[in-house]
Amino acid sequence: MKKSRYIPFLLVFFLTGCWDQHSLKDSALVLSIALDQAPKNKIKTTALIRTSVSKGGETEAINYIAKEEGYSVRDARHKIDYQIPGNFSANKLLVMLLGEDLAKNNLYPYFDNFFRYIRSSLTSRVVIVKGQASSILEMKTYKDILIGESLLEMIESAENLSLIPKETQESIYKKMDDPGYDLVLPYLEKTDDETLKIKGVGLLQNNKFTGKILDEYQSKLLLLMQDKKGTAMSFSEQINENKEVVSFKVKNENRSLKTKIVNGQPEVNIDIQIKIDLNEYTGGNLASDKKKKEIEEKITRKMEDEMKEVINILQEANCDALGIGRHLMAYHSKTWEKLNWEKEYSKVPFKITNKVIMTTRGIMF
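Now for a description of the structure that goes with this document. Residue positions are counted from 1 within each chain, in the order its sequence is given. Reporting of local features is limited, given that this is a predicted model, to residues whose pLDDT is at least 70; pairs of side-chain atoms are given and counted only at 80 or more, and all residues count toward the totals for whole chains, interfaces and linings. Computation of side-chain values: all heavy atoms of the structure, hydrogens and water removed.

1. Re the overall build of the protein chain
Formally: Starting at the N terminus, helices and strands are each numbered in turn, a helix being any DSSP run of H or I of at least four residues and a strand any DSSP run of E of at least two. All accessible areas in this document rest on Shrake-Rupley with a 1.4 Å probe, and a residue is counted as covered only by the protein chains that are shown.
On a plain count of helices and strands, the protein chain comes out with twelve helices and 15 strands. When the accessible area of the protein chain is evaluated, it comes to approximately 19400 Å², of which 49% is carbon and sulfur surface.

Shown next as structure tokens:
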């Protein structure tokens, strides 16, 4: 019994609370950040910071903007700290915007600071912006929603619709050191004073934006070839000179990507089988199996041609978004060691075969 008397005193030494706690009231929560190229090789950092104000007994969330220039992200971040109430805190960061001029530099240094800070949110999305990225955050709200949340919802919706790949700070940072793969990132444009639109994906080579993009339709085809279809993917195709239109949803796909070496040089074969559900057909009755097969063949040929065009754009940009180099490293390591991949990739022949199978023709059939 005497020993039990000392237990409460011992617990005092072990239950001392959280030694590294950080109070939210002492933090300036940065929900979105924009990085732009500034003169003299400086980086312009624009931070959208969330705070709360009391109005008539109620608490209202508001955003305010803080801007600074520095020789690095960390340098600009320190300068922002000097002008805001609370400490710059990126642990709730939702979206990171990169101006297109800045994105043409090596992106690696812009991520370094976030990975060195233990409380950074590495799930934040990364987007390339046409023009100045800061112009997006200066809107403060979009469609009556605070801009940080609105951007995140827009990006997540585009991911689910298979318009863009799902990439976060963490996934991007890990891929930057891969010599056999090049990144593609969502490309956002402010089309007028009140409208934002994801225009497709920007193509990178060696972690630098090439200035070339794939549009919305081409981005979906790239995701099919990457075998990265999201929860939904839909297409509309004009399939002949009569302007007949077929709209369909991709139900599932089966992609095979193989590399082989011919006379010391790599060749790539991509075979894709796509099962679709028909949503619309403007060409009349589709009840007969003969007509169904005809439509399947037309969609197959058209998608094959369009996928070849996507490959041409990738090779022109020298962007290995399909990870062909990674395949060569894994299956043809001796050939890979002899290749100058930056020069050889654009010359690699691709063979694409496609097969579309219509599983349903709609409720009418």
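Continuing now.
2. Structural notes on helix H10 (residues 324–331)
Residue pairs three or four apart in sequence face the same way in an α-helix, which turns once every 3.6 residues. Note the threshold: Relative accessibility under 20% of the residue-type maximum defines a buried residue, over 50% an exposed one, and the middle range a partly exposed one, all with a 1.4 Å probe and only protein chains included. The directions from the helix axis to the C-beta atoms are what the arc is built from. We call two residues in contact whenever any of their non-hydrogen atoms come within 4.5 Å of each other.
Looking only at H10, the buried set comprises Ile 324, Gly 325, His 327 and Leu 328. The buried side chains of H10 occupy one side of the element, clustering within an arc of 160° when seen end-on. Looking at the buried side of H10, the elements it contacts are strand E13 (245–262), strand E14 (265–281), helix H11 (333–338), helix H12 (341–344) and strand E15 (350–360).

3. Considerations on the nonpolar core
For clarity, the threshold we go by: Put simply, buried Ala, Val, Leu, Ile, Met, Phe, Trp, Tyr and Cys residues joined by side-chain atoms within 4.5 Å make one nonpolar core.
With 71 residues, the main nonpolar core has Leu 97, Met 303 and Leu 314 as its most contacted residues. Looking at this core, the element that brings in the most residues is helix H9 (residues 289–316), giving eight residues. Setting aside chain neighbours within four positions, we find Leu 97 in contact with Ile 33, Ala 34, Leu 35, Val 127, Val 129, Ala 133, Ile 136, Leu 137 and Leu 151. Counting 31 residues, the second-largest nonpolar core is a separate cluster that includes Ile 43, Phe 111, Leu 183 and Leu 204.

4. A closer look at helix H4 (residues 108–116)
Along H4, the residues classified as buried are Tyr 110, Phe 111, Asn 113 and Phe 114. For H4, the arc enclosing every buried residue in end-on projection is 150°, short of the 170-degree limit, so these residues lie on one face.

5. Let's talk about the packing of helix H2 (residues 73–81) against H4
For the record, the criterion: Only the stretch in contact is used when a helix axis is fitted, and all axes are lines through C-alpha atoms; the angle between N-to-C directions ranges over 0 to 180 degrees. Each angle gets one of four labels, with under 35 degrees taken as roughly parallel, over 145 as roughly antiparallel, 65 to 115 as roughly perpendicular, and the rest as oblique. Ten residues, namely Ala, Val, Leu, Ile, Met, Phe, Trp, Tyr, Cys and Pro, are considered nonpolar, four, namely Asp, Glu, Lys and Arg, are considered charged, and the remaining ones, Gly among them, are considered polar.
One can describe the packing of H2 onto H4 by two numbers: an axis separation of 9 Å at closest approach and a directional angle of 55°. In terms of axis orientation, H2 runs oblique to H4. Here Val 73, Arg 74 and Arg 77 of H2 lie close against H4, whose contacting residues are Tyr 110, Asn 113 and Phe 114. Of the residues in the contact of H2 with H4, the class split is three nonpolar, one polar and two charged.

6. Some details on the pairing of strand E9 (residues 184–192)
We count it as follows: Strand pairing is assigned whenever DSSP detects at least two bridges linking the two strands.
Of the strand pairs in this sheet, strand E6 (residues 125–129) and E9 are connected by two bridges, and their pairing is parallel. Following the sheet pairing, Val 129 is matched in E9 by Leu 188. As defined by bridge partners, E9 adjoins strand E10 (residues 195–205) across eight bridges and the pair is classed as antiparallel. If you follow Val 184 over to E10, its bridge partner there is Leu 203.

7. Quick notes on the pattern of salt bridges
Keep this limit in mind: A carboxyl oxygen of Asp or Glu within 4 Å of a side-chain nitrogen of Lys or Arg is what we treat as a salt bridge.
Overall, the coordinates contain 13 salt bridges when judged by the stated rule. As a salt-bridge pair, Asp 75 and Lys 79 come within 3.9 Å of each other at their nearest N and O atoms. In this pair, Asp 75 and Lys 79 are both assigned in helix H2, four residues apart and thus about one turn of the helix distant. A relative accessible area of 23% means that Asp 75 is categorised as partly exposed.

8. Describing the packing of aromatic side chains
Quick note on the threshold: Aromatic contacts are taken between Phe, Tyr and Trp rings whose centres are within 6.5 Å, Trp giving its six-membered ring; a plane angle under 30 degrees counts as stacked, one over 60 as edge-to-face, and the others as tilted. Lysine NZ or arginine CZ positioned within 6 Å of the ring centre and within 35 degrees of the ring normal marks a charge as sitting over the ring.
Applying the stated criterion across every chain, the model contains six aromatic pairs. Relative to Phe 235, the ring of Tyr 217 has its centre 5.2 Å away and its plane inclined at 75°; by these criteria the two rings are edge-to-face. With Tyr 217 in helix H8 (residues 216–226) and Phe 235 in strand E12 (residues 234–238), the pair connects residues that are 18 residues apart, well separated along the chain. Under the relative-accessibility criterion, Phe 235 is labelled buried at 3%. An aromatic cluster is defined as three or more aromatic residues linked by ring pairs; in this entry it consists of Tyr 217, Phe 235 and Phe 248. Directly above the ring of Phe 235 sits Lys 220, whose terminal nitrogen or CZ lies 5.5 Å from the centroid.

9. A word on the sheet that holds E13
Ordered in space as E12-E13-E14-E15, the four strands form an open sheet in which the pairing is mixed. The two strands at the open ends of the sheet, each matched to only one other strand, are E12 and E15. Pairwise comparison of adjacent strand axes, ignoring direction, gives a mean angle of 40° for this sheet. One ladder, built from five bridges, connects E12 with E13; its direction is antiparallel. If you follow Glu 237 over to E13, its bridge partner there is Val 246. In this fold H8 packs onto E12, E13, E14 and E15, with an angle of close to 120° to the strand it touches most, E12. Most of the contacts of H9 go to E15, to which it runs at about 145°, and overall it touches E12, E13, E14 and E15.

10. Description of the packing of H8 against H9
Running from amino to carboxyl end, H8 crosses H9 at an angle of 90°, the nearest separation of the two axes being 10 Å. Accordingly, the angle class assigned to the pair H8 and H9 is roughly perpendicular. On H9, the residues touching Tyr 217, Gln 218, Leu 221, Leu 222, Leu 224 and Met 225 of H8 are Met 303, Glu 306, Met 307, Glu 309, Val 310, Ile 311, Ile 313 and Leu 314. For the contact of H8 with H9, the per-class residue count stands at eleven nonpolar, one polar and two charged.

Any functional reading would require information beyond the geometric quantities listed.
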